[in-house]
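Architecture and fold: a report
For reference, the chains in residue letters:
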Amino acid sequence: MDVKIETLDLRSLFEDVKEEVQLKEGQVAEINIVGELRTLNSDPRILRNILINLLSNASKYSEKDKKITISAESKGNAVEISIADEGIGIPESDTRHVFDRFFRASNSGNIQGTGLGLNIVKRYVDLLKGSIWFKSENKKGTIFFVSIPERR
């Protein structure tokens, strides 16, 4: 896949993704862009796919009427984007496998999914020469962080 760098307006990108993802009834996705940050030089198609997957997962693994927060903050020569939910979380014993192909957490029960989404997200992040990690607390929620370096 070719990476095509453009200057992106982060708020517009976040709003577009928010409109595209069908949240559960009563769920609200809030956007929080910290400080003077407005733009990011990156591939819009790849970044959009990353955000759609992470926001979809945040909604899927959270109950209705829960809040999801999409944030961005400048960190040196990179932009750190996070998507935080108040969902079921990821059990500690499953955390090392989250980005493995076809892996589904032990608490995902009958929530539909293939176990491919986060593996694909990781590959997209790698294409952008970024990094991805998460913090999760079982039954309290998860925050996925994506750091994308500024590209010219």
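Residues numbered from 1 in each chain as written. Predicted model: local features only at pLDDT ≥ 70, side-chain atom pairs only at ≥ 80, totals over all residues. Heavy atoms only, no water.

1. Topic: the overall build of the protein chain
Convention followed: By definition, any uninterrupted DSSP run of H or I lasting at least four residues is a helix, any uninterrupted run of E lasting at least two residues is a strand, and each is numbered from the N terminus. Radius of gyration here is computed from C-alpha atoms only, and the compact-globule reference equals 2.2 Å multiplied by the residue count raised to the power 0.38. Here, two residues are considered to be in contact whenever any of their heavy atoms come within 4.5 Å of each other. Only the protein chains shown count as covering a residue, and every accessible area follows the Shrake-Rupley method with a 1.4 Å probe. Under the counting rule used here, the positive set is Lys and Arg, the negative set is Asp and Glu, and His together with the chain ends is not counted. Where a charge lies is defined by one atom per residue type: Lys uses NZ, Arg uses CZ, Asp uses CG and Glu uses CD.
When helices and strands are tallied, the protein chain shows 3 helices and 7 strands. If you list the helices and strands of the protein chain from N to C, you get β-α-β-β-α-β-β-α-β-β. Scaling as 2.2 N^0.38, a compact globule of 152 residues should have a C-alpha radius of gyration of about 15 Å, and the protein chain matches this with 15 Å. Overall, the C-alpha framework of the protein chain stretches about 45 × 30 × 25 Å when taken along its three principal axes. Of the contacts formed within the protein chain by residues at least 6 apart in sequence, a portion of 68% connects residues at least 24 apart. Split by element, the accessible area of the protein chain, about 8400 Å² in all, is 45% carbon and sulfur. Averaging the positions of the 23 positive and the 23 negative side-chain charges in the protein chain gives two centres separated by 4 Å.

2. What to know about the sheet that holds strand 4 (residues 67-75)
Using the following cut-off: For two strands to be treated as a pair, DSSP must find at least two bridges joining them. Working convention: axes come from line fits to C-alpha atoms, limited for helices to the stretch in contact. Angles between N-to-C directions cover 0 to 180 degrees.
Here we have 5 strands laid out as an open sheet, ordered 2-4-5-7-6, and mixed in their pairing. Here the strands that pair on one side only, and so sit at the sheet edges, are strand 2 (28-33) and strand 6 (131-137). Recorded for the sheet is a direction-independent mean angle of 15 degrees between the axes of neighbouring strands. One ladder, built from 7 bridges, connects strand 5 (residues 78-84) with strand 7 (residues 141-149); its direction is antiparallel. The partner of A78 across the bridge, within strand 7, is P149. In the packing of helix 2 (residues 44-60) onto the sheet, contacts are made with strand 2, strand 4, strand 5 and strand 7, and the angle to strand 5 comes to roughly 25 degrees.

3. A closer look at the nonpolar core
Inclusion rule: In plain words, nonpolar cores are sets of buried Ala, Val, Leu, Ile, Met, Phe, Trp, Tyr and Cys residues tied together by side-chain atoms within 4.5 Å. The buried label goes to any residue with under 20% of its type's maximum accessible area, the exposed label to any with over 50%, and the partly exposed label to all in between, with areas taken from a 1.4 Å probe on protein chains only.
F14, L47, I50 and L55 are the most contacted members of the largest nonpolar core, which has 38 residues in total. Among the elements of the structure, helix 1 (10-20), strand 2, helix 2, strand 4, strand 5, helix 3 (117-127), strand 6 and strand 7 are those that each provide at least two residues to this core. With residues near it in sequence (within four places) discarded, L55 still touches V17, K18, V21, L23, A29, I68, I70 and I83.

4. Here's the deal with the pattern of salt bridges
For clarity, the cut-off: Any Lys or Arg side-chain nitrogen located within 4 Å of an Asp or Glu carboxyl oxygen qualifies as a salt bridge.
For the structure on display, the rule yields 5 salt bridges. Residues D126 and K122 are paired through a salt bridge, measuring 2.8 Å at the closest nitrogen-oxygen approach. Of this pair, D126 and K122 both sit in helix 3, separated by 4 residues, roughly a single helical turn. On the basis of relative accessibility, which here comes to 39%, the residue D126 falls in the partly exposed class. The class for K122 is partly exposed, based on a relative accessible area of 30%. With a shortest N-O distance of 3.6 Å, E137 and K140 are connected by a salt bridge.

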